[in-house]
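Survey of secondary and tertiary structure
The lines below spell out each chain.
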Amino acid sequence: MTATAGPAAAPGTGLERTLGVGHIVFMVVAMAAPLTVFAGLIPLMLGTGNGIGTPVDFVIVGVVLLLFTAGYSAMTPEVRNAGAFYSYVQRGLGTAAGLGAAALALVTYSVLMVAVSGYLGASARTVVETFSGASVPWWLLAGAGLAVIGFLGHRNVDVSARVLGVLLVAEIGVVAIIDLAITMRGGAGGLTAEPLSWNAFAGGAPATGIMFAVFGFVGFEATAVFRSEAKDPDRTIPRATYIAVALIATVCAVSAWAMIVGLGVDRAAELAAGDPEGLASGLATRYISQVAHDAVQVLLVTSFFACVLTAHNVVSRYLFALGRQGALPPRLGEVHPAHRSPYVASLLTSAVTGVLVAVTAVAGLDPVIQVYAWFGGAGTLGLIALLTLTSAAVVVHFRRRRTASPWHGTIAPALALVALTGILVLVVADFEILIGSRALADLFLGLLAVAFLGGLAWATILRRSRPAVYAALE
């Protein structure tokens, strides 16, 4: 497939450069899904993590990821393709490590898509029951959502960006209204800064809280995946990444504090553990009205939908980049003649996600307590590993090539590497507590390890059987 002529086409890809900073921020923050974090993630953190210390989790992770972004952004002008983690790790640590990171990223995002698809089906089922009284299986509604996502993934990325922009504004709006209502009414027992204290953070299971907080930022790093569709990637990608991290950290930390104050500092963790699904809509009813309750339920469905749509676009672009470079079948690198989209990669992404969701349904797993928590935890662990690898790659790259300032090329990424390594160790140590079973924890850990090792093995096979392709990847 040849590239489309003209300034709107990314050289060598055929994809159109239509995305500005705002478009990309909408895409990646939509994957983080602020309302999903408010209604789905924060209650889990309150109930299973470090309780009322949850707001500090988001602040700490936000600072670490801003340090990470300094090095990540400095690498942007030096990495010309849209492989994100894969491309950055490859540039710093070599082709084999890069393909290992690519395989790990594909598994990580696929697992995250399954996790969020489960909650998408569950939240849609709640809406259908609320407004019609009908009982519909969660997996059927999740499947319908995945079908629409597959259709949008087949179209030009600009269509997805517009859809996500509308949904994101709506969900941030409703979260802001709830936060403001709780604050203006003084919460359950008065406004307090106790949830922002170190003592609050250190209580319970801080490692689990930190891990879930990283889950809340999922997608911020995907700015680089849209490099081939950005109008001015060397400027657009760094700006969008900084804005995305700052926005996610602010919204999540403020919303966690507001939820704790709204529930009452003394009862927040207990209430969250008892009814995580109903917490956000219950607060909307208590502090605003029944209409707000219904709006939260509906927008929660669109929030999960937006999250899966962005993850779908990320995975399909990983496959597209690898197909373009010959690391995977070249057909995955084909561009739709009319929509200028990576349509083959998108179709494969839809098929794999659909099969995995079907497997969880056949296994009889609960879409929230099991699918969302287990698969979300595994995906987040994979993301932390990828962030750690990428930080190491940035440090190594700029030690060899002094093309960035000491802060961006050495100090910030080194600090991020130390912090992320510590987080990774803590999460692995507590992973059994999160999953609830040693056998399941080992299964997910094994899956992530096999993915990375499989990528290394594929690199070895390529180097021996197709040396020209391997050399072109270097």
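Residues numbered from 1 in each chain as written. Predicted model: local features only at pLDDT ≥ 70, side-chain atom pairs only at ≥ 80, totals over all residues. Heavy atoms only, no water.

What follows deals with the overall build of the protein chain. Along the backbone of the protein chain there are 18 helices and 0 strands. In summary, the protein chain has a C-alpha radius of gyration of 21 Å against a globular reference of 23 Å for 474 residues, a match within 12%. Overall size of the protein chain, expressed as C-alpha extent along the three principal axes, is 65 × 50 × 45 Å. In the protein chain, which comprises 474 residues, the proportion classed as buried is 58%. (Helix = DSSP H or I, 4+ residues; strand = E, 2+ residues; numbered from the N terminus. Rg over C-alpha atoms; globule rule 2.2 N^0.38 Å. Buried < 20%, exposed > 50% of the residue type's maximum accessible area, 1.4 Å probe, protein only.)

At their nearest, the axes of helix H9 (residues 206-216) and helix H15 (residues 367-400) sit 9 Å apart, and the two run at 85° to each other. Taken together, H9 and H15 sit at an angle that is classed as roughly perpendicular. The segment H9 lies against H15, with Met211, Val214 and Phe215 engaging Tyr372, Gly376, Gly377, Thr380, Leu383 and Ile384. Here the residues of the contact of H9 with H15 are counted per class, giving 6 nonpolar, 3 polar and no charged. (Axes fitted to C-alpha atoms, helices over the stretch in contact; angles between N-to-C directions. Parallel < 35°, antiparallel > 145°, perpendicular 65-115°, else oblique. Contact = heavy atoms within 4.5 Å. Nonpolar A, V, L, I, M, F, W, Y, C, P; charged D, E, K, R; others polar.)

The subject of this paragraph is the confidence of the model for the protein chain. In this model, the protein chain carries a mean pLDDT of 86, and residues with pLDDT of at least 70 account for 91%. By mean pLDDT, the top-scoring element of the protein chain is helix H14 (residues 343-362) (94), and the lowest-scoring one is helix H1 (residues 21-32) (73). Note that residues 1-7 has pLDDT below 50 and, in this model, 10 contacts with residues that lie over four places away or in other chains. (pLDDT = per-residue confidence, 0-100.)

We now examine the packing of aromatic side chains. For the structure shown, the criterion picks out 10 aromatic pairs. Ring centres of Trp198 and Phe201 lie 4.8 Å apart, and the angle between their planes is 45°; on these two criteria the pair is classed as tilted. Taken as a pair, Trp198 and Phe201 lie in helix H8 (residues 198-202) at a separation of 3 residues, close to a single helical turn. Among the residues examined, Phe201 registers a relative accessible area of 9% and is labelled buried. The interplanar angle of 35° and the centroid separation of 5.8 Å between the aromatic rings of Phe215 and Tyr372 together place this pair among those described as tilted. Within this pair, whereas Phe215 is found in helix H9, its partner Tyr372 is found in helix H15, the two being separated by 157 residues in sequence. Here the two residues Phe215 and Tyr372 agree in accessibility, since each one is buried. Each member of the aromatic cluster is reached from another via a ring pair, and the members are Phe68, Tyr72, Tyr88 and Phe220. Directly above the ring of Tyr470 sits Arg463, whose terminal nitrogen or CZ lies 5.3 Å from the centroid. (Phe/Tyr/Trp six-rings, centres within 6.5 Å; stacked < 30°, edge-to-face > 60°. Lys NZ or Arg CZ within 6 Å of the ring centre and 35° of its normal.)

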